[in-house]
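# Descriptive analysis of the structure
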There are 2 protein chains.
Amino acid sequence: MTSAPVHVLLVEDEPQMRRFLRVALEGGGYRYLEAGTGQEGLALAVQHRPDVILLDLGLPDMDGLELMTRLRAWSQTPVIVISARGQETDKIGALDVGADDYLTKPFGTGELLARIRVALRHADPGAAEEPVFRLGRWQVDLTKRQVVVAGQEVHLTPLEYGLFTTLIRHAGKVVTQRQLLKEVWGGVAGAQPLYLRVYMAQLRHKLEEDPSRPRYLQTEPGIGYRLRLED
Amino acid sequence: MTSAPVHVLLVEDEPQMRRFLRVALEGGGYRYLEAGTGQEGLALAVQHRPDVILLDLGLPDMDGLELMTRLRAWSQTPVIVISARGQETDKIGALDVGADDYLTKPFGTGELLARIRVALRHADPGAAEEPVFRLGRWQVDLTKRQVVVAGQEVHLTPLEYGLFTTLIRHAGKVVTQRQLLKEVWGGVAGAQPLYLRVYMAQLRHKLEEDPSRPRYLQTEPGIGYRLRLED
DNA sequence: AAGAGGCGTTAAGACGCCGTTAGGATTCAC
DNA sequence: GTGAATCCTAACGGCGTCTTAACGCCTCTT
């Protein structure tokens, strides 16, 4: 059983702390990403879908709690807060807006790594499912980022793939247009429902047998789209 | 929406600490159980299936880590360790044998309650079944936005679905016309009682066995409509 | 018994949303 | 600097959905 590398995103502005954690995390066998601002952190979370996020509350451009709220609007990725502020009200506030753990500086790398393991264990039920999604002639390997249709590999652009996997993650359920735009485009300002129509059309052409009569990629008029499961 | 009371099991030998936590937990709205030894703790966990377990590592009859191991052999109940030992190796050991959090004494009640809420949040996705509404031949999955009649999926337009789910939300009770127009049409100016007649007719055609003699979607003349529950 | 008001039914027109296509802008690699 | 891939944007035709009107039935009133 080989598992895909685990990605950790660090959102922290102090260079000293970043260096310290980079060493600790890479030493622990994790792939490492870093952001110095809240904006950058949100962008990287959208692009790379890390498995865990380490978040310093004291950011230059955005309140940590606001970042938590905006992240939780579309993502359930575990967040471990790292803060110099040890006040109880800070902890309660962060935990109640969706943080999964709260670590007060200074802390040891061993404890941090142990708490990351706990966070991954919690997220596991979602990830422990087969990393391969099968439906009809489709076969999607979410770790390899590979899509196979009727035995033939099909190339998807980043946005197409993002749209597709978002529907897969909510398989069977209707996903509203607003939610799709949020999860795929990451809350970018100019995101319009028009984008969805264009990329859904492209997806159907690449994946559906009869693109004009989609079997799985269905429209819910006025609401959004759904990946239909049963036949 | 009323939810079942949440049970918390405390495994702790110091009477003083027990008194302190009893007040904190009952004040927080939790049902409270306590055990003074590891043996008793395991027994109570089996009998009462608490939703969260608070575990002091320093027990008289059993090492805390051993208790963790024996508990995890059959139960995934969230465990928050409470300990006077703040050594990093203690924390790592406890977290790695299955604890979900580690709190070092002394701590505030607010933080404890917040961390209990986090633990409950983690346990939730597994326990949260899909909210499916069943009545006669009907089966409505409110998360999937899917309506099934006699095993056959039926497509509803946004207004039809809105009207139907509004009646479901007030199942059994009469919903006035004014209230329906408000909840479904969202305070649009031109909303008329005529709309209700049209869409109720469409709903009955799509859902009722004999649309001219509705069994569930009943009219309350002069008042509004009601979704009848009993047969 | 006749009238009035409320309700169910149907159909047709208006409207908005969706699918589709294509061209230009942008980014990235070489 | 050039090329390819990808993304954004606009335009248009078609179709589903919503709105609206007309008519018949029923019930209650007087």
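Structural notes, computed from the coordinates. (Residues numbered from 1 in each chain as written. Chains lettered and ligands numbered in written order. Predicted model: local features only at pLDDT ≥ 70, side-chain atom pairs only at ≥ 80, totals over all residues. Heavy atoms only, no water.)

## Some thoughts on the interface of chain A and chain B
Definition in use: Should any heavy atoms of two residues lie within 4.5 Å, those residues are considered in contact. Two parts placed together each lose some accessible area; with a 1.4 Å probe, that loss summed over both constitutes the buried area. Between Lys or Arg on one side and Asp or Glu on the other, a salt bridge is scored when a side-chain nitrogen of the former is within 4 Å of a carboxyl oxygen of the latter. A helix here means a DSSP run of H or I that spans at least four residues, while a strand means a run of E at least two residues long, and both kinds are numbered starting from the N terminus. Charged means Asp, Glu, Lys or Arg here, nonpolar means Ala, Val, Leu, Ile, Met, Phe, Trp, Tyr, Cys or Pro, and polar covers whatever is left, Gly included.
Facing the 29 residues of chain A at the interface are 27 residues of chain B. In total, about 2,400 Å² of surface goes out of reach between chain A and chain B, with carbon and sulfur atoms giving 44% of it. Applying the counting criterion to the chain A and chain B interface returns eight salt bridges. Lysine 91 of chain B is paired through a salt bridge with glutamate 111 of chain A; the nearest N and O atoms lie 3.1 Å apart. Listing elements by their share of the side of chain A that touches chain B, those giving two or more residues are α4 (88-96), β5 (101-104) and α5 (109-127) of chain A. Classifying every residue of the side of chain A that touches chain B by side-chain character gives nine nonpolar, six polar and 14 charged.

## Re the sheet that holds strand β1 (residues 7-11) of chain A
All names here are of chain A. Which entries qualify depends on this criterion: At least two bridges found by DSSP between two strands is the condition for calling them paired. Angles shown run from 0 to 180 degrees and are taken between the N-to-C directions of axes, each axis being a line fitted to C-alpha atoms and, for helices, limited to the stretch in contact.
Strand order in the open sheet formed by five strands is β2-β1-β3-β4-β5, and the pairing between neighbours is parallel. The open sheet terminates on both sides in strands that have one partner only, identified here as β2 (31-35) and β5. Averaged over all neighbouring strand pairs, the angle between strand axes comes to 20°, with direction disregarded. The sheet contact formed by strand β3 (residues 52-56) and strand β4 (residues 79-83) spans four bridges and is parallel. Its bridge partner being in β4, leucine 54 is matched across the sheet by isoleucine 80.

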